[in-house]
Amino acid sequence: MTMSRLSPADPNSYSRPDQVVVSSIHLNWDVDFPSKIISGTATLTVDRKQDDAVHLILDTRDLTIKSVKDEETGQVLQYTLGEPHPNFGSELKIALSSDAKKQLKVQIEYETSASSSALQWLAPEQTAGKQHPYVFSQCQAIHCRSLVPCQDTPTVKMPYTAEVSAPSELVVLMSALREGQQEKGNRKVFRFRQPVPMPSYLIAIAVGALESRKIGPRSLVWSEKELVEKAEYEFSETETMLKTAEELCGDYVWGQYDLLILPPSFPYGGMENPCLTFVTPTLLAGDRSLADVIAHEITHSWTGNLVTNSNWQDFWLNEGFTKFIYKVEVMQGGKSIWRKREKLREWFLYDLEWESEYHPNLRDSLKYQNDSVISKFLMPSILLQYIRTRGEKDSLTCLVPDLTGVDPDDAFSIVPYEKGHTLLWYLETLVGGPDEFEPFLKAYLDKFKYQSITSDTFRSFLFEFFVDKKKVFDAVDWQAWWHTPGMPPVKPEFDDSLAVACKDLCKRWVEWDITKDCPFRKEDLNNMSANQIREWLAQMLEEEPMPVRKLEKMDELYSMSSRNNSEIKFRWLRLGLKAHWNDQADEALKFVTEQGRMKFLRPIYRDLYEWKDMRKQAVSTYEANKSSMMHVAAYVVAKDLHLNE
Ligand code: BES
Ligand code: ZN
């Protein structure tokens, strides 16, 4: 076997799109639940970029390649499969026919392995309905290669089509437009078409006993039938969010915008798969208080899915931009009556103090902002905490890290989100504010749509757009922003007026001398929204651990233990773990087995690990559950628990 070399343009891919590039994909798949295998063909249309290029180089991971041929001529093509790298998989090197055709169709017959890192297979007992099996994918960042042999780098964009056969009682969904279905014996074949060129990491599939409800003119929400009504209510603001985003970003080009509520083991809050955002069921709070995650995923329809980071080192171009634009959306709200951002404070007070009976319409249109806005405008002290745990010199705390030899799953953190949107915020202040910056954002999206770009391309366009600001931008410490670890070089002024109530209540609990009378009342939380309660708990998590007796009192007064909002529950459990409260340890162990969202799993497992008496139990809980966790979650939690070291 030959040594495989990673691409000079993308340290996480073997592919060489500069030589031969994939320009479209057709998938023909059979989903087999008993063997946990997807088998079939991937037909790649490839264009020779260099006349003397004789190889098509693809990424694969745990795939069994059965044959490779030129689809038009039927000619068998020779290939070699490189040594597998534990994170990056194997290079598949296909020798192209020597007739020097500019374009050809390479058909690869293959199957996935039962342990494909992109797929989570669930037995019927692991689903809400308990009757049927389920499978779903998560390809970002570099897992598509364990589902499709492909150029698994976000630099390459292509449209795709698919035909997928599954047991006829199940529904197949993909990140594409649904083009119909056909019975074939006891199987059903579903057809899909994604006409917009997109990177491989956005290929997605889910198969299960799924139902849908219409929630907007271009939106259905899909889930198992047990959850579908709850989901319909929770995400009913989707169309308002889409319109808000369109006002800022331009037309929505993907046609449909559906949501799929996944089983609890889905490892992320949301994933912006085109035409079909994947969502964790932990957002189903019952009061729409967590639905703002949808606005984030909608925003990716431009930042990420249209203008794409050209490799994972520039990931902030996806997430930092998305977070920045999401904030603008929340503050502007979409309706023309929305105030501009500088008026946020006034707007919020207005919102709190004016009751719906006075202004029913206004109140209505304010709905999706009023509850979610709170924690989003604080200077991210979580960033500070993260950077401290990681170490202020850790190169992965750079906004544009060097990922040579690094798995993007290990690099994933809040840094690209927080540092990234803070940079944009800072640049906005330099050009004079939102009225100047928003036209730039629109122009940027328009200019680079359907492309993949690097941070340098963004910067060049910034200079180009604001011709008269050259001096100002020359003075920006780009080296520090992009390539220096630790906190951002500039701390912007965030308006934290919305968190005053949360901070006050936190301070009072911290300062309460437990030997004195309890000054707290059941009613303390009455006027606080779900997100204010979440923020109040976040504030207390930053303090020294509380005595267990205080937490017991809190629970008695505010019924904290019976709250089901996942963000509140998560922080409440952590507060208990920090205080070494035994009862909460059992609850926390339950919480990490009931759902698999890494944002919740990881800190709780780390807290349990830190608490020496609980360490053993944390590890045994992990060991007992890892087979029902998604690959990426099991992989990172093992590191959090210092296993295999
Ligand atoms: N694209 C990300 C999720 C992701 C990132 C998956 C990297 C795999 C690798 C998605 O848009 C996201 O950021 N989700 C967040 C929610 C958001 C509101 C911050 C999450 O999952 O928590
Ligand atoms: Zn995102």
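Residues numbered from 1 in each chain as written. Chains lettered and ligands numbered in written order. Predicted model: local features only at pLDDT ≥ 70, side-chain atom pairs only at ≥ 80, totals over all residues. Heavy atoms only, no water.

Engineer: Any details on the site of ligand 1? Residues and values, ideally.
Structural biologist: Near ligand 1 lie 16 residues; those nearest to it are Gln-140, Gly-269, Glu-272, Glu-297 and Tyr-417. Separating an oxygen atom of ligand 1 from a backbone N or O atom of Gly-269 is a distance of 2.6 Å. Protein chains shield 87% of the accessible area of ligand 1, which is 520 Å² for the free molecule. Examining the composition of the shell around ligand 1, we find that 3 residues originate from one element, helix 3 (residues 292-299), more than from any other. The class makeup of the residues in the shell around ligand 1 is 6 nonpolar, 6 polar and 4 charged. (Near = heavy atom within 4 Å. Polar contact = N/O pair within 3.5 Å; in protein donor to acceptor, adjacent residues only side chain to side chain. Areas by Shrake-Rupley, 256 points an atom, 1.4 Å probe, with all protein chains shown as cover. Helix = DSSP H or I, 4+ residues; strand = E, 2+ residues; numbered from the N terminus. Nonpolar A, V, L, I, M, F, W, Y, C, P; charged D, E, K, R; others polar.)

Engineer: Explain empty space enclosed by the protein residue by residue, including any values.
Structural biologist: For the structure shown, the criterion picks out 2 cavities of 30 Å³ or more. Each pocket or cavity is described by its volume, and for the second largest cavity that value is around 40 Å³. Lining the second largest cavity, in full, are Tyr-252, Tyr-257, Glu-272, Asn-273, Pro-274, Cys-275, Thr-277, Glu-297, His-300, Ser-301 and Asn-305. Here the residues of the lining of the second largest cavity sort into 4 nonpolar, 5 polar and 2 charged. (1 Å grid on protein atoms, 1.4 Å probe; cavity = no way out; pocket = protein on both sides within 12 Å on 5 of 7 lines; lining within 4 Å. Points joined across faces, edges and corners; volume = space filled by probe spheres on them.)

Engineer: Can you lay out the packing of helix 17 (residues 566-578) against helix 18 (residues 582-594) for me, pointing to particular residues and giving the numbers?
Structural biologist: Between helix 17 and helix 18, the least distance of the axes is 9 Å, while the angle of their chain directions is 140 degrees. On the basis of their axis angle, the class for helix 17 and helix 18 is oblique. Between helix 17 and helix 18 the crossing geometry is left-handed. When helix 17 is examined against helix 18, the residues Ser-566, Lys-569, Phe-570, Trp-572, Leu-573, Gly-576 and Leu-577 are found in contact with a partner set consisting of Gln-584, Ala-585, Glu-587, Ala-588, Phe-591 and Glu-594. Tallied by class, the residues present in the contact of helix 17 with helix 18 amount to 7 nonpolar, 3 polar and 3 charged. (Axes fitted to C-alpha atoms, helices over the stretch in contact; angles between N-to-C directions. Parallel < 35°, antiparallel > 145°, perpendicular 65-115°, else oblique. Left-handed = near helix turned anticlockwise from the far one by under 90°. Contact = heavy atoms within 4.5 Å.)

Engineer: Summarise the environment of Val-431; cite the residues concerned and give the values.
Structural biologist: Tracing the backbone shows Val-431 in helix 9 (residues 415-431). As for Val-431 and Asn-318, which are separated by 113 residues in sequence, their C-alpha atoms are 22 Å apart. Those residues in contact with Val-431 that lie beyond four places of it in its chain are Glu-436, Phe-437, Phe-466, Lys-469 and Phe-473.

Engineer: Before we move on, can you summarise the packing of aromatic side chains with the specific residues and values?
Structural biologist: Applying the stated rule across the entire model yields 42 aromatic pairs. Pairing Trp-312 with Phe-315 gives two aromatic rings, centres 5.9 Å apart and planes at 65 degrees, and the pair type is edge-to-face. Overall, the relative accessible area of 5% leaves Trp-312 in the buried class. Taking the centre distance of 5.4 Å and the plane angle of 40 degrees together, the rings of Phe-437 and Phe-440 count as tilted. Highlighted residues: Phe-437 and Phe-440, both in helix 10 (residues 434-448), separated by 3 residues, approximately one helical turn. According to the relative accessible area criterion, Phe-440 is buried, its value standing at 0%. If you follow Arg-288 out to its NZ or CZ, it ends over the ring of Tyr-233, 4.0 Å from the centre. Across from the ring centre of Tyr-609, 3.8 Å away, lies the NZ or CZ of Arg-615, which sits over that ring. (Phe/Tyr/Trp six-rings, centres within 6.5 Å; stacked < 30°, edge-to-face > 60°. Buried < 20%, exposed > 50% of the residue type's maximum accessible area, 1.4 Å probe, protein only. Lys NZ or Arg CZ within 6 Å of the ring centre and 35° of its normal.)

Engineer: Residue-level account of the confidence of the model for the chain, with values.
Structural biologist: The predicted model of the chain averages 90 in pLDDT, with 90% of residues at 70 or higher. The model gives residues 333-380 a pLDDT under 50, and that stretch makes 97 contacts with residues more than four places away or in other chains. (pLDDT = per-residue confidence, 0-100.)

Engineer: Which residues make up the side chain of His-143, and what values go with them?
Structural biologist: Counting through the fold element by element, His-143 comes out in the loop between strand 9 (134-137) and strand 10 (158-167). On the basis of relative accessible area, His-143 is assigned to the buried category, the value being 1%. Reaching out from His-143, the side chain makes a polar contact with the side chain of Ser-117 at a distance of 2.7 Å. Beyond its immediate stretch of four places on either side in the chain, His-143 contacts Arg-61, Ser-117, Ala-118, Gln-138, Asp-152, Asp-409, His-631 and Val-632.

Engineer: Describe a negative patch on the surface, with residues and values.
Structural biologist: Negative charge collects at one region of the surface, where Glu-552, Asp-583, Asp-586, Glu-587 and Glu-594 lie side by side. Per-element tally for the negative patch: the top contributor is helix 18, with 4 residues. Within the secondary structure layout, Asp-583 lies in helix 18. (Patch = residues over 30% accessible without salt bridge, like charges linked within 9 Å, V, L, I, M, F, W, Y side chains within 5 Å. Salt bridge = Lys/Arg side-chain N within 4 Å of Asp/Glu carboxyl O. Lys, Arg positive; Asp, Glu negative; His and termini not counted. Charge placed at Lys NZ, Arg CZ, Asp CG, Glu CD.)

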